[in-house]
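# Residue-level structure breakdown
Single-letter residue listing:
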Amino acid sequence: MVVKRSAPGKVILCGEHSVVYGRPAVAVPVSALRAYAEVKAGASNQGLIIHAVDLDQTVTLRESSKNHPLIKTAQAVLTHLNLSEPDATITLKSNLPIASGMGSGAAVTVAIARALSAYLGSELPEETISAMTYEIEKIHHGTPSGIDNTVITWEKPVYFIKEQPPEIFDIQQPFHLLIANSGIPSSTREAVNEVRRQWASAPEFYNLVFDCMGAIARAARVATEKGGDQVLGTLLNENHKLLTKIGVSLPELDQLIYAALEAGALGAKLTGSGQGGNIIALVEPETRTRVQHALLEAGAIKIWHTQVGGRDE
Ligand code: PMV
């Protein structure tokens, strides 16, 4: 028996960092980029083996560190289902960029939890998968807000406030984003810790900035639901200015954003924790190719296109 499951990547449209401080954020899935998990029966008494193809890494439930995120995920599924270790092999593949703010870690966790639980005859419901993924995210990030596990598990646009039930919504008018990778790896844990240090030294200023980011995210939810027009573009631009103020942008990211806007994008900003990783640009079908070229010229090492809402291309 072979069981396959997958999970998408995500981008945060508005509200990264401020979401850690209780303000709202809006995120959308990127269905074209995914993590895949395949489970098949293994040799008798081999135990559970996980092979991460892209990382060229193999871990086993018996011998690898109990704190390894892949092992923790498998163990969490077995504990939840009250089952012992099967003789099986999980093969993981992903076309999501690592350390770029696209939720590759959370996507891998969701894909494993789905595939392993389905293989064991009892596929876990969304709520359980999302909660499990949140726990695993703590290993990667320390203090995650919970936005990644939510948007990636439900694979729907989400309006998210920490510790509140996520609001999942539909998009009436599909729109187009370009996601451009700066080639600079970003560490969510380090960026979040740095912002926390700065916040502790000037809480009044940072709270004010977070309030503004929250107001932008509220407006962005409405604009996103309607479809990505000029209003959403302006909100993305304003959000990026605030992210620059809290020190999570880099000249390389600003350069990509400037190039995208110059080439006709309706709006652009960094996405995720920043200090590297990706930027997003809101484009129209007519400007898409021009913006794409401008981003490459400005130093992007890879660009993906995604349609948000409707059928993803
Ligand atoms: O995992 P990333 O890089 O997409 O960043 C997550 C967004 C933050 O708001 C910076 C952290 C969080 O836990 O929400």
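Structure's up top.
Residues numbered from 1 in each chain as written. Predicted model: local features only at pLDDT ≥ 70, side-chain atom pairs only at ≥ 80, totals over all residues. Heavy atoms only, no water.

## Considering the environment of Gly214
- Mapped onto the elements, Gly214 comes out in helix α6 (residues 203-226).
- Note: C-alpha distance between Gly214 and Gly105 (109 residues apart in sequence) is 26 Å.
- For Gly214, the contacting residues outside a window of four places in its chain are Arg23 and Pro24. (Helix = DSSP H or I, 4+ residues; strand = E, 2+ residues; numbered from the N terminus. Contact = heavy atoms within 4.5 Å.)

## Overview of the site of the ligand
- Contacts to the ligand come from 16 residues, most closely from Lys10, His17, Ser145, Thr188 and Ser273.
- Here Ser145 contributes a side-chain N or O atom positioned 2.5 Å from an oxygen atom of the ligand.
- When the ligand sits alone it has 380 Å² of accessible area, and the protein chains cover 97% of it.
- Of all the secondary-structure elements, those providing two or more residues to the shell around the ligand are β1 (2-14), α4 (147-154) and α5 (188-201). (Near = heavy atom within 4 Å. Polar contact = N/O pair within 3.5 Å; in protein donor to acceptor, adjacent residues only side chain to side chain. Areas by Shrake-Rupley, 256 points an atom, 1.4 Å probe, with all protein chains shown as cover.)

## Comments concerning the packing of aromatic side chains
- Tallied over the entire structure, the rule returns four aromatic pairs.
- On the numbers, 5.1 Å between centres and 55° between planes, the contact of Tyr21 with Trp199 is tilted. Residue Tyr21 is located in the loop between β1 and β2 (25-41), and its partner Trp199 is located in helix α5; the two are separated by 178 residues in the primary sequence.
- Its relative accessible area of 15% is what places Tyr21 among the buried residues. (Phe/Tyr/Trp six-rings, centres within 6.5 Å; stacked < 30°, edge-to-face > 60°. Buried < 20%, exposed > 50% of the residue type's maximum accessible area, 1.4 Å probe, protein only.)

## Considering unusual backbone geometry
- Unusually for a residue other than glycine, Asn45 sits at a positive phi of about 70°.
- Here Asn45 shows up in the loop between β2 and β3 (48-52).
- Residue Glu155 is not a glycine yet carries a positive backbone phi of 50°.
- Along the polypeptide, Glu155 turns up in the loop between α4 and β6 (158-160).
- Accessibility expressed as a relative area gives 27% for Glu155, which makes it partly exposed.

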